[in-house]
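# A structural walkthrough
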Amino acid sequence: MAQVAKLYFTPGDRIADVTFGKGRFWTSIDLSQYDFHPSDLLMVPDHPYDFRRLPYRSETFDVHVFDPPYMHHPPARRYLDADYKNHETTKGFSHDDIIQLYR
């Protein structure tokens, strides 16, 4: 993400990370240069927004960062919950449910 920021972000940009999670994308970026707006169903209590129903008006941001759920949550993968919270955010979605979410 730091390399993307060097190419595409301009100081002062309004940036929305609509699937913030734990914020790992941003660890190598000086966010004080930007008007940064994280949101996440579980990890950002002040902005617990579902990316399918954001409260922002069109053209509010210069940059949108989107890292949606990308794998379903079979019982054998519960060990991933600590990092990805898939069970909580996708409510046990199947692979087909995840594809439908993208649509």
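Before reading on, note that the structure itself is shown above.
Let me sum up the structure you'll find in this document. Quick caveat, the model's predicted, so the values are computed rather than measured.

Cut-off values and rules
- Residues numbered from 1 in each chain as written.
- Predicted model: local features only at pLDDT ≥ 70, side-chain atom pairs only at ≥ 80, totals over all residues.
- Heavy atoms only, no water.
- Buried < 20%, exposed > 50% of the residue type's maximum accessible area, 1.4 Å probe, protein only.
- Helix = DSSP H or I, 4+ residues; strand = E, 2+ residues; numbered from the N terminus.
- Pairing = 2+ DSSP bridges.
- Phe/Tyr/Trp six-rings, centres within 6.5 Å; stacked < 30°, edge-to-face > 60°.

A few words on the pairing of strand β2 (residues 35–38). The alternating pattern of β2 places Phe36 and Pro38 on a buried face and Asp35 and His37 on a face that is not buried. Taken together, the four bridges between strand β1 (residues 14–17) and β2 define a ladder with parallel strand orientation. When the sheet's bridge partners are listed, Asp17 is paired in β2 with Pro38.

This brings us to the environment of Gln3. As for its placement among the helices and strands, Gln3 is situated in helix α1 (residues 2–8). You can call Gln3 exposed: its relative accessible area is 54%. When the C-alpha positions of Gln3 and Ile29 are compared, they lie 9.4 Å apart, and in sequence the two are 26 residues distant.

Now for the packing of aromatic side chains. Tallying each qualifying case throughout the model produces seven aromatic pairs. Seen from their ring centres, Phe9 and Tyr34 are 5.6 Å apart, and the 80° between their planes marks the pair as edge-to-face. With Phe9 in the loop between α1 and β1 and Tyr34 in the loop between β1 and β2, the pair connects residues that are 25 residues apart, well separated along the chain. Here the two residues Phe9 and Tyr34 agree in accessibility, since each one is buried. Aromatic pair Phe51 and Phe66: ring centres 4.8 Å apart, planes at 75°, arrangement edge-to-face.

The analysis is restricted to geometry; functional conclusions fall outside its scope.
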